Amino acid sequence: MIMADSGSSEEAAVIGNTDITSTESENNIINTMVERGTSLLKKMEISVAEAEKRTGKNTVNMQETYTVYLIEIRQAESATEGGTPAAPDTLWRRYSEFELLRTYLLVTYPYIIIPPLPEKRAEFVWHKLSADNLDPDFVERRRVGLENFLLRVASHPVLSNDNIFFHFLTEEKGWREAVLDTGFQDKVDSRLKSLSAMLRVKSPDRRFTALKQYSDELNAVVSQLLRVRARVADRLYGVYKVHGNYGRVFSEWSAIEKEMGDGLQSAGHHMDTYAASIDDILEEEEHYADQLKEYLFYTDAVRSVCRKHELMQYELEMASQDLAYKKQQKEELVTGTVRIFSLKGMTSKLFGSESQEQRESRLSALEQSIEEGIEAVMEKNTECRDFVRAAWEDIERFKEQKDKDLREALISYAIMQISMCKKGIQVWSNAKECFNKM
Amino acid sequence: MCACGTFILTAPGGSAARLGGRVDRVRSVGSASVWAEKFLVMSGHTVPADISGHMLDLDEDEDLEVFSKNTSLTDEGPVPNSPSSMVNQYRLEDDEEQQDANAKDLFISVEDPESHITAIETYIMYRVATKTTRSDFDSSEFEVRRRYQDFLWLRSKLEESHPTLIVHPLPEKFVMKGMVERFNDDFIETRRKALQRFLSRISEHPVLSHSQHFKVFLTAQDLAPHKKQGSGFLSRMGETMRAVANSVRGVKNRPEEFDVLQEYVENFSNKISSVDKVTQRIIKEQREYLDELRQYSSTYSQWAESEENLSEPLKGVASCAERCCNETEEQIQHLSEVLVPALHEYVLCTETLKAVMRRRDNIQAEFEVKSDTLASRKSDLDALQDEVDELAERMEKSNSALQLDWSRWRNTMRADLKAAFVSSAEKNVEYYEKCLAVWESFLVSQRGESISQRD
């Protein structure tokens, strides 16, 4: 496994140790990114350290409460000299700025699967978990998600070199203007938003079709898994908490018994412990759910790349069609045959042909148009080919990343289950001993 | 379930030596043997003087005194060699939790439920099979068929004859809420087990197991003629009416130990009922959890179909989830079969205890009424005095009987519930151990595979 190779992390990656916690597992993933990655993460350590509530006026001049996140940049140890480590550079960003950054990246690098942001609103919650955006647990999980996002971008071979991204991390003021100055919003194609099948591509690229199908399947199954997980969590919570009632009743019962009293009382305490243990267990599991959610949102990014390719392919086909049509027209004009119906052609046939001069001017206009058309097609062709090449490079990279991350996630899930079982064994062994003393 | 075991009766010579051993656990049983003997003696015969003191004496030396006191007290012979007292002596050595084959001389099983359909009704008949070495039984093996009504008859007869003894409850007459059909398999099986437990408890009771009604129940091919026998029925009826009338007055001076007992019964009733409810709730939650858990397995399998490299670990997780589902199912079943019935029986016991307390109070009330009458009457003193003496004696007997049986019941309750709780805790440990093994083997497979991938 890659983990054993990674060097620079402070938290040691552990292998062969079933007591690895999910934090360690996450560090393993980060270490992977560092290794894979590139200049940016080798120079600096990025973290989203804190979250704070602010109030201010929004765009329609109304008071609102929102959360800001503190981004910390530390120069990597290798960059600093021995002695006291330098203080980190910090700045505050709110969620909407992250969104803006991501939109910029989506438009600027259409062939890249852009890492997703953590969910805007809590979904797939089990009932004890708050769906409130201002809930501290939700804010905390979002903080982690935002940090993850930055690390993913910073470790991406292409995205990490982007200037706007660099400024996002380093310049608090003026960043918004800088992004808008790039004029990326003009490139946003509204057609991408619509999911309709209006764009019918004549000869679709089979690889992209397969990818889109896979992405849809993954989306469906992970959504299903998250839903089931939420329900299972709910039920498990119920089971553990009801055992807490044993604690109370045993305690009361022990008061009226002589020989049985002590055993009952202490057994009751263990029942209370058992009931309380579920909170930590499910909190850890939330982490696993977040890992699944990241890939759920990734499917949207994958789909988006497929759509962009579709659009490109469509435009290429349109341009080719257009060119073919013009060539046809020219041929007809030259040979005098009408294969394609045109009003002008008909009227000239009916009302007498045009003059030689008119014909010649039309011909040259058409030839010009054909020239332009040929260039356009060539351009689109090149664009398309470049897109496909770059996209597939990223897709392969993504697939490898996904396989590794999700395998790690499944392993960490198994570790969580093991931990839960060990706790259960402990509690019930203790309880059994108490019952034996009854 | 005590069905068929071979009973080996050790020679009586060994008994005295063993007697000196463990005392604390079997105080009540040892003394009960004395008392059982006395009871048999007392029914219909003159009462030996000065016995009440012994019966209430519950100190450590009592077991030794059992032997010596017996010889002077009974008319029947020197050493109590009846199977019941020998049985009790052998119980001294028993592990409290183990039903040692050597100690029982009566093995009863309730098996083979069969449906009987008549024009009027449908009912179930059970085979009640008895194996015994008791000399007062004509044979060593018996087999009869009985229906629930017959069990009800037996129990009411036992309660009638021994109003202040604690007779183990029967399973409920009516269908509990939530069950659809009276004769579905689970219900029949649960009832069968409870009926067997009932008979088993009676057979272990030092007094009740020697009841004539019990013997008839176990041996008579046709119970109907015995059921009709209610010679004392009308007079008992009158007695009950009188008792009810008296109890309206209430008891004037209930001895403190019975006040304590009363309070305990009320508290215990609340607590055991709560524990029962909590347990039922746990089972309900577990079942709902299990339903959701099943979906995990199928979802992971479905995902595995879309993947290549991930397919293997996903299938692994699906398999783990499925195996955990099976373990959960087993755990729920264990809870339903072990803890729930045990708790439920003691919930039913509380009703019995309350009834016993009431009957004891009635007996005291009757005595008090007559006593007061005696105090105020001038004539017929002799006749009244006899009546009062009789009632006083009856009251004393009943109180002692209750005290002893109460002690016995407490121990039995403790043993029963302890066993049930220990078993449940053990099962839970086992459950988690099995699930742990499942996930650990998955982990090993993943770690092993990724190492080889790396190489």
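Residues numbered from 1 in each chain as written. Chains lettered and ligands numbered in written order. Predicted model: local features only at pLDDT ≥ 70, side-chain atom pairs only at ≥ 80, totals over all residues. Heavy atoms only, no water.

### Details of the overall build of chain B
Each helix and strand counted, chain B has 13 helices and three strands in total. Counting across all 455 residues of chain B, residues that qualify as buried make up 48%. Counted over contacts in chain B with a minimum sequence separation of 6, partners at least 24 positions apart contribute 76%. Within the structure as shown, chain B displays about 22300 Å² of accessible surface, and the carbon and sulfur contribution to it stands at 50%. (Helix = DSSP H or I, 4+ residues; strand = E, 2+ residues; numbered from the N terminus. Buried < 20%, exposed > 50% of the residue type's maximum accessible area, 1.4 Å probe, protein only. Contact = heavy atoms within 4.5 Å. Areas by Shrake-Rupley, 256 points an atom, 1.4 Å probe, with all protein chains shown as cover.)

### Brief notes about the pattern of salt bridges
Enumeration over the complete set of coordinates arrives at 56 salt bridges over all chains. The salt bridge partner of A:D322 is A:K326, with a shortest N-O separation of 2.9 Å. Placement of both A:D322 and A:K326 in helix α9 (residues 261-335) is noted, with a separation of four residues, approximately one turn of the helix. When the shortest N-O distance is used, the salt bridge between B:R281 and B:E285 registers 3.0 Å. Linking B:R281 with B:E285, this pair stays in helix α11 (residues 256-306), spanning four residues, or about one helical turn. We classify B:R281 as partly exposed; its relative accessible area is 41%. The network of salt bridges with shared partners includes A:R141, A:R229, A:E285, A:E286 and A:D290. (Salt bridge = Lys/Arg side-chain N within 4 Å of Asp/Glu carboxyl O.)

### Quick look at the nonpolar core
Counting residues in each nonpolar core, the largest one holds 131 residues, and the members touching the most others are A:F250, A:W253, B:Y300, B:W303, B:W409 and B:F421. Residue contributions to this core peak at 26 residues, all from helix α11 (residues 356-436) of chain A. Dropping the residues within four chain positions of it, B:Y300 is found in contact with A:L225, A:Y288, A:L410, A:Y413, B:L314, B:V317 and B:A318. In terms of nonpolar packing, the next biggest core, distinct from the first, is built from 35 residues, A:L40, A:M44, A:L101 and A:F165 among them. (Core = buried A, V, L, I, M, F, W, Y, C linked by side-chain atoms within 4.5 Å.)

### Notes on the pairing of strand β2 (residues 63-75) of chain A
Residues and elements named next belong to chain A. Bridge count for strand β1 (residues 44-57) against β2 is 13 bridges, and the pairing is antiparallel. Note on β2: the bridge partner recorded for K53 is T67. Where β1 folds back on β2, the antiparallel hairpin that results is connected by five residues, among which N61 adopts a positive phi of roughly 65°. By the bridge criterion, six bridges tie β2 to strand β3 (residues 89-94) in an arrangement that is antiparallel. (Pairing = 2+ DSSP bridges.)

### Section: the confidence of the model for chain B
Residues and elements named next belong to chain B. For chain B, per-residue confidence averages 76 on the pLDDT scale, and 68% of positions sit at 70 or higher. Taken element by element, the predicted model of chain B shows its lowest mean pLDDT in helix α4 (residues 62-73) (33) and its highest in α11 (94). For this predicted complex, the interface confidence score (ipTM) comes to 0.82, while the overall pTM stands at 0.76. (pLDDT = per-residue confidence, 0-100.)

### Let's talk about the sheet that holds strand β1 (residues 106-117) of chain B
Residues and elements named next belong to chain B. Strand order in the open sheet made by the three strands is β1-β2-β3, with antiparallel pairing throughout. Each having just a single partner strand, β1 and β3 (141-147) make up the two edges of the open sheet. Recorded for the sheet is a direction-independent mean angle of 20° between the axes of neighbouring strands. Across ten bridges, β1 lies against strand β2 (residues 122-132) in antiparallel orientation. Of the residues in β2, the one forming a bridge with H116 is Y123. (Axes fitted to C-alpha atoms, helices over the stretch in contact; angles between N-to-C directions.)

### Notes on unusual backbone geometry
As a rule of thumb, non-glycine residues mostly have phi less than zero, and peptide bonds are mostly trans rather than cis. Residues and elements named next belong to chain B. The phi dihedral of D112 is positive, around 55°, even though this residue is not glycine. Secondary-structure assignment places D112 in strand β1. Residue classification places D112 among the partly exposed residues on the basis of a relative accessible area of 30%.

### Describing the sheet that holds β3(A)
All names here are of chain A. Taken in spatial order, the three strands make up an open sheet running β1-β2-β3, and their pairing is antiparallel. What marks the edges here is a single partner per strand, and that holds for β1 and β3. Averaged over all pairs of adjacent strands, the angle between strand axes in this sheet comes to 25°, irrespective of strand direction. Sheet contacts for helix α3 (residues 95-108): β2 and β3; angle to β3, the most-contacted strand, approximately 90°. The sheet strands contacting helix α5 (residues 163-170) are β1, β2 and β3, and the helix crosses β3 at an angle near 105°.

### A look at the interface of chain A and chain B
Facing 62 residues of chain A, the contacting portion of chain B comprises 59 residues. Summing both partners gives a buried area of about 5900 Å² for chain A against chain B, and 69% of it is carried by carbon and sulfur. Seen at the junction of chain A and chain B, the total is seven salt bridges. One salt bridge connects A:K402 with B:E307, and the closest N-O pair in it is separated by 2.6 Å. Remark: the boundary between chain A and chain B carries 19 residue pairs in polar contact (both at pLDDT 80 or more). (Buried area = accessible area lost by both parts, 1.4 Å probe. Polar contact = N/O pair within 3.5 Å; in protein donor to acceptor, adjacent residues only side chain to side chain.)

### Focus: the confidence of the model for chain A
Residues and elements named next belong to chain A. Summarising the model, chain A shows a mean pLDDT of 83, and 80% of its residues fall at 70 or more. Per-element mean pLDDT across chain A ranges from 56 in helix α1 (residues 22-36) up to 95 in helix α8 (residues 206-254). Here residues 1-18 scores under 50 on pLDDT; set against residues more than four positions off or in separate chains, the count is 33 contacts.

### Observations regarding the side chain of B:Q446
Topologically, B:Q446 is positioned in helix α13 (residues 381-454). Look past the residues within four positions of B:Q446 in its chain and what remains in contact with it is A:R407, A:I411, B:E312 and B:P313.

### Points about the domain arrangement of chain A
All names here are of chain A. Segmenting chain A into domains produces domain 1 (36-78 + 86-184) and domain 2 (189-338 + 362-437). Look at where the C-alpha atoms of domain 1 and domain 2 centre, and you get two points 20 Å apart. If you look at the interface, domain 1 gives 25 residues, while domain 2 gives 33 residues. Buried surface at the junction of domain 1 and domain 2, summed over both partners, amounts to about 2500 Å²; 61% is from carbon and sulfur atoms. For the domain 1 face of the interface with domain 2, the top three residues by lost area are I113, F124 and W126, together amounting to 34%. In this assembly, domain 1 and domain 2 are joined by five salt bridges. Residues R141 and D290 are paired through a salt bridge, measuring 3.2 Å at the closest nitrogen-oxygen approach. Run the count over domain 1 and domain 2 and you get nine residue pairs in polar contact (both at pLDDT 80 or more). Broken down by element, the side of domain 1 that touches domain 2 gets its largest block of residues, three residues, from helix α4 (residues 136-154). (Domains from an automatic or database assignment.)

### Focus on the domain arrangement of chain B
Bring the parts together and some accessible area is lost; that lost area is often taken as the interface size. Residue and element names in this part refer to chain B. Each assigned domain of chain B is listed with its residue range as follows: domain 1 (104-226) and domain 2 (250-454). Just the C-alpha atoms count here: the centres of domain 1 and domain 2 sit 22 Å apart. With 20 residues of domain 1 in contact, the opposing surface of domain 2 contributes 21 residues. Between domain 1 and domain 2, the buried area comes to about 1700 Å², and carbon and sulfur atoms account for 56% of it. Between the two partners, domain 1 and domain 2, sit three salt bridges. The partner of R201 in a salt bridge is D416, and the shortest N-O contact between them spans 2.6 Å. Remark: the boundary between domain 1 and domain 2 carries eleven residue pairs in polar contact (both at pLDDT 80 or more). Where the side of domain 1 that touches domain 2 is concerned, the elements lending two or more residues are α6 (148-161) and α7 (185-204). Ranked by the residues each element gives to the side of domain 1 that touches domain 2, the list is headed by α7, at five residues. Class assignment of the residues belonging to the side of domain 1 that touches domain 2 gives a composition of ten nonpolar, three polar and seven charged. (Nonpolar A, V, L, I, M, F, W, Y, C, P; charged D, E, K, R; others polar.)

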